[in-house]
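For reference, the chains in residue letters:
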Amino acid sequence: MIDPTESADETVTVVAPTAKAVPALFDSPHSGATYPNDFNAAIELIKLRRMEDAFVDELYSAAPGFGAVLIAARFPRGYVDANRAEDDIDPGEIEGWHGNARPTEKSRVGKGLIWTRLHGTEPLYARKLTGDEVRGRIERYWQPYHAAVAEAYATLHERFGCVYHIDCHSMRAEGNAFDPDGESKRPDFVVSDHDGKSCAAEFIDLVVNHLGGCGYNVSVNDPYKGAELTRRYADPAAGRHSLQIEINRRLYMDEMTIEKSSDYESLKSHLTSLSKAVCEYAAGKAANG
């Protein structure tokens, strides 16, 4: 995991720029591997860890050295998913839920705000979670993570008049029947902007072209369009540009054992160069008003 230089607790790490600040923000909501004592899952830890975007925060750890802010969740996505809406809840899966509930297809397959099934298949719990348990997870973990992202957005936008945000993820090498792409092999990267709604075309083109220039095959908005962290904070007309990057895990790790592969350092080098390019681009946009 990354080493904090600004603030850290069991919820979120915020790494401040270690070079001249630029209006760039990277966040990794699914790389957390600190498992709360009250998770009480019915399956073994190694299976729970297969839900993580393991090591993604480390892959982008050079970004603060180019002037960006880097935010990372410490908690695992299976406990509460920071990249889902706060009300993406299936009340039928929760005992005594009386809050807002607007379940999406993700909730239907057990991958909503509170994951109830491993990638839509194996149940995570031997019982239903209670409404109080779910509210506690939202208040102690989801809300502080989003508060950190919102604060970074506001601070950068106030200072520079713009923000260029990359929401950092990884994906399994192959999907399953519960995924939007079914049981298919996935490209090296999927870059998403909600079909052109969350950032300027120039920004996503920069990222896609850079990754393509590194020799990777890159898909745009297929099978992923982006999710809550890009949807919630983006407003291109106001200078708030947000896109999502999914990395195929076969490029850097063993998905079953959650161990880095011999290709990890090569991928990290390419993502370091991408981070530098994004920061230079953001700095140029701020300088040109």
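Located above this text is the structure these notes cover.
All chains use their own residue numbering, which begins from 1 and follows the written sequence. Per-residue local features are limited, in this predicted model, to residues with pLDDT of at least 70; the limit for side-chain atom pairs, both in listing and counting, is 80 or more; totals at the level of whole chains, interfaces and linings are taken over all residues. The side-chain numbers reported here are obtained from all heavy atoms of the structure, hydrogens and water having been left aside.

Student: Explanation requested: the packing of aromatic side chains in the structure shown.
Tutor: One pair of aromatic rings is described through two measures. These are the centre distance and the angle between the planes. Aromatic contacts are taken between Phe, Tyr and Trp rings whose centres are within 6.5 Å, Trp giving its six-membered ring; a plane angle under 30 degrees counts as stacked, one over 60 as edge-to-face, and the others as tilted. Counted by the stated rule, this structure contains 13 aromatic pairs. Each ring, one from Phe26 and one from Tyr60, has its centre 5.8 Å from the other, and the planes form 40°; the classification is tilted. With Phe26 in strand E3 (residues 24–28) and Tyr60 in the loop between helix H2 (56–59) and strand E4 (69–73), this residue pair connects regions lying 34 residues apart in the sequence. This pair shows no difference in class: Phe26 is buried, exactly as Tyr60 is. One aromatic cluster in this structure is built from Tyr35, Phe39, Phe75, Tyr79, Tyr125, Tyr141 and Tyr145. One residue, Arg137, lies across the ring of Phe39, its end atom 5.6 Å from the ring centre. To sit over a ring, a charge needs its Lys NZ or Arg CZ within 6 Å of the ring centre and within 35 degrees of the ring normal. Above the face of the Tyr264 ring, Lys260 is positioned so that its terminal group lies 4.4 Å from the ring centre. Strands here mean DSSP runs of E at least two residues long; helices mean DSSP runs of H or I at least four residues long; both are numbered from the N terminus. The buried label goes to any residue with under 20% of its type's maximum accessible area, the exposed label to any with over 50%, and the partly exposed label to all in between, with areas taken from a 1.4 Å probe on protein chains only.

Student: I keep staring at the pattern of salt bridges and nothing clicks. Help me out?
Tutor: As a working rule, side chains carrying opposite charge can pair if their charged atoms are close by. Take a side-chain nitrogen of Lys or Arg and a carboxyl oxygen of Asp or Glu: if they are within 4 Å of each other, that pair is a salt bridge. Evaluation of the coordinates by the stated rule reveals 16 salt bridges. For the salt bridge of Arg135 with Asp132, the shortest nitrogen-to-oxygen distance reads 2.6 Å. With Arg135 and Asp132 both in helix H4 (residues 131–160) and three residues apart, this pair spans about one turn of that helix. Residue classification places Arg135 among the partly exposed positions, given a relative accessible area of 28%. For Glu228, the salt bridge goes to Arg232, with nearest N and O atoms at 2.9 Å. On the criterion of helical spacing, the pair formed by Glu228 and Arg232 is a turn pair, its members being four residues apart in helix H6 (residues 228–233). A residue is classified by how much of its surface remains accessible, and Glu228, at 6% relative accessible area, is buried.

Student: So what exactly am I meant to see when it comes to the side chain of Asp167 here?
Tutor: Positionally, Asp167 belongs in strand E9 (residues 163–171). When charges are counted, neither His nor the chain ends are considered; positive counts come from Lys and Arg and negative counts from Asp and Glu. No salt bridge is formed by the buried Asp167; its nearest oppositely charged neighbour, Arg84, is found at 8.4 Å. Discounting residues that sit within four places of it in the chain, Asp167 has contacts with Asp27, Pro29, Asn83, Leu229, Thr230, Leu243, Gln244 and Ile245. The contact rule is simple, with two residues in contact once any of their heavy atoms fall within 4.5 Å.

Student: Sorry, what's going on with the pairing of E4 here?
Tutor: Within a regular strand, side chains alternate between the sheet's two faces. Within E4, five of the five residues are buried, which leaves the element mostly enclosed by the surrounding structure. Of the two faces of E4, the one carrying Val69, Ile71 and Ala73 and the one carrying Leu70 and Ala72 are both buried. Strand pairing is assigned whenever DSSP identifies at least 2 bridges connecting the two strands. With four bridges joining them, strand E2 (residues 12–15) and E4 adopt antiparallel strand pairing. What sits directly across from Val12, in E4, is Ala73. Bridge count between E3 and E4: four bridges; the pairing is parallel. Within E4, the residue paired with Leu25 across the bridge is Val69.

Student: Honestly, the packing of helix H5 (residues 201–213) against helix H7 (residues 264–287) in this entry has me stumped. Any pointers?
Tutor: Helix-helix packing: each pair is described by the crossing angle between the helix axes and the interaxial distance. Lines fitted to C-alpha atoms define the axes here, with helix axes fitted over just the stretch in contact, and angles between the N-to-C directions of these axes take values from 0 to 180 degrees. Their axes nearest at 10 Å, the elements H5 and H7 cross at an angle of 155°. Comparing the axis directions of H5 and H7 gives the class roughly antiparallel. In this structure, H5 crosses over H7, and the sense of that crossing is right-handed. Where H5 approaches H7, its residues Glu202, Phe203, Leu206, Val207, His210 and Leu211 are matched on the opposing element by His270, Leu271, Ser273, Leu274, Ala277, Val278, Tyr281 and Lys285. In this classification, Asp, Glu, Lys and Arg are treated as charged, Ala, Val, Leu, Ile, Met, Phe, Trp, Tyr, Cys and Pro as nonpolar, and every other residue, Gly included, as polar. For the contact of H5 with H7, a count of residues per class yields nine nonpolar, three polar and two charged. For classification purposes, an angle smaller than 35 degrees is called roughly parallel, one larger than 145 roughly antiparallel, one from 65 to 115 roughly perpendicular, and anything else oblique. By convention, the crossing between two helices is left-handed when the near helix turns anticlockwise from the far helix through less than a right angle, and right-handed when the turn is clockwise.

Student: Mind showing me how you'd approach H5 here?
Tutor: Given the number of residues in a helix, its expected span is that number minus one, multiplied by 1.5 Å. Taking 1.5 Å as the rise per residue, H5 with 13 residues should run 18 Å; its terminal C-alpha atoms sit 18 Å apart, in good agreement. Close packing links the buried residues of H5 with E9, strand E10 (189–192), strand E11 (218–220), strand E12 (240–248) and H7. Just downstream of H5 lies Gly215, where phi reads positive at about 100°.

Student: I keep staring at the nonpolar core and nothing clicks. Help me out?
Tutor: General note: in soluble globular proteins, nonpolar side chains tend to be found buried as a group. The definition of a nonpolar core used throughout is a set of buried Ala, Val, Leu, Ile, Met, Phe, Trp, Tyr and Cys residues joined through side-chain atoms within 4.5 Å. Core analysis: the largest hydrophobic core is formed by 40 residues, its most contacted members being Phe26, Val207, Ile245 and Ile247. Elements that contribute at least two residues to this core include exactly E3, H2, E9, E10, H5, E12 and H7. For this core, the element with the most residues is H7, which contributes eight residues. In this structure Ile245 touches Tyr60, Ile166, Asp167, Cys168, His169, Phe189, Val190, Val191, Val207 and Leu274, once residues within four positions along its chain are discounted. Ile94, Leu118, Leu124 and Trp142 belong to the second largest nonpolar core, which has 38 residues in total.

Student: Just to check I follow, could you spell out the layout of surface pockets for this structure?
Tutor: Any empty space left between the atoms is revealed when a probe the size of a water molecule rolls over them. Roughly 680 Å³ of internal volume is contained in the largest pocket. For the lining of the largest pocket, the secondary structure elements donating two or more residues are helix H3 (105–108), E9, H6 and E12. Considered class by class, the residues forming the lining of the largest pocket number nine nonpolar, eight polar and 17 charged. A cavity here means a set of 1 Å grid points, computed over protein atoms only, where a 1.4 Å probe fits but cannot escape. A pocket is an open set with protein on both sides within 12 Å along at least 5 of 7 lines, and lining residues have an atom within 4 Å of a point. Grid points are joined across faces, edges and corners, and a volume is the space filled by probe spheres set on the points.

Student: Just checking my understanding: could you explain unusual backbone geometry for this structure?
Tutor: It is generally the case that most residues other than glycine have a negative phi and that most peptide bonds are trans. The peptide bond linking Asp222 to Pro223 adopts the cis configuration, its omega dihedral lying at 10°. The phi angle at Asn40 is positive, at roughly 55°, despite the residue not being glycine. Relative to the helices and strands, Asn40 is located in the loop between E3 and helix H1 (45–49). Phi at His119 is positive, roughly 50°, even though this residue is not glycine.

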